[in-house]
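The chain contents come next:
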Amino acid sequence: MTRRSDEADAACAYRRTGIAPVRETGRLKELTGREREVLLLLGTGLGNRQLARELGIAERTVKAHTARILEKLGQETRLQAAVVSVLSHNVLCVDPFCLCHPSTVPADAWMPSAV
């Protein structure tokens, strides 16, 4: 087994692979309101059945929305779209009281509590 150089170990995985999910956030403008809602929910990890229940639509419709989202964002898999969703939450989410928005989260909220 060979040991990679320290420089290669320190290089950003995005830079090494040439894949940067954050780059896709500019393409969010191409999504309809419903597609943005579906994308936001994809980031929660829910399955199609749960998404359909949450949105009040058929599971088949969720699959159709997901396919269009993947196409518009240039993603190959649902997981890739979910990553874009999580990285773009502050752009996709319109809830002003959402605890994921930096302006509503207390500075120490993400810090582990001292034991």
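In what follows, the structure referred to is the one given above.
Residues numbered from 1 in each chain as written. Predicted model: local features only at pLDDT ≥ 70, side-chain atom pairs only at ≥ 80, totals over all residues. Heavy atoms only, no water.

A few points about helix 4 (residues 48-55)
The set of residues buried in helix 4 consists of Asn48, Leu51, Ala52 and Leu55. Mapping the buried residues of helix 4 onto a view down its axis gives an arc of 100°, with all of them on the same face. Seen from the open side of helix 4, the exposed residues pointing more than 90 degrees away from its buried face are Arg49, Arg53 and Glu54. In this structure, the buried side of helix 4 is in contact with helix 3 (33-42), helix 5 (59-73) and helix 6 (78-87). A positive backbone phi angle near 70° is found at Gly56, which sits one or two residues after helix 4. (Buried < 20%, exposed > 50% of the residue type's maximum accessible area, 1.4 Å probe, protein only. Helix = DSSP H or I, 4+ residues; strand = E, 2+ residues; numbered from the N terminus. Arc of directions from axis to C-beta. Contact = heavy atoms within 4.5 Å.)

What about the packing of helix 3 against helix 5?
Packing of helix 3 against helix 5 brings their axes to within 10 Å, and their N-to-C directions diverge by 95°. As summarised for this structure, helix 3 and helix 5 are arranged roughly perpendicular, according to the angle between their axes. Across the interface between the two elements, Arg34, Glu35, Val38, Leu39 and Leu42 from helix 3 touch His65, Thr66, Arg68, Ile69, Lys72 and Leu73 from helix 5. When its residues are assigned to classes, the contact of helix 3 with helix 5 shows 5 nonpolar, 2 polar and 4 charged. (Axes fitted to C-alpha atoms, helices over the stretch in contact; angles between N-to-C directions. Parallel < 35°, antiparallel > 145°, perpendicular 65-115°, else oblique. Nonpolar A, V, L, I, M, F, W, Y, C, P; charged D, E, K, R; others polar.)

Observations regarding a nonpolar patch on the surface
A cluster of nonpolar side chains, namely Tyr14, Leu79, Val83 and Leu87, defines an oily patch on the protein surface of about 360 Å² accessible area. Counting residues per element, the nonpolar patch draws most heavily on helix 6, at 3 residues. Along the chain, Tyr14 falls in helix 2 (residues 13-17). Since its relative accessible area comes to 38%, Tyr14 is described here as partly exposed. (Patch = residues over 30% accessible without salt bridge, like charges linked within 9 Å, V, L, I, M, F, W, Y side chains within 5 Å. Areas by Shrake-Rupley, 256 points an atom, 1.4 Å probe, with all protein chains shown as cover. Salt bridge = Lys/Arg side-chain N within 4 Å of Asp/Glu carboxyl O.)

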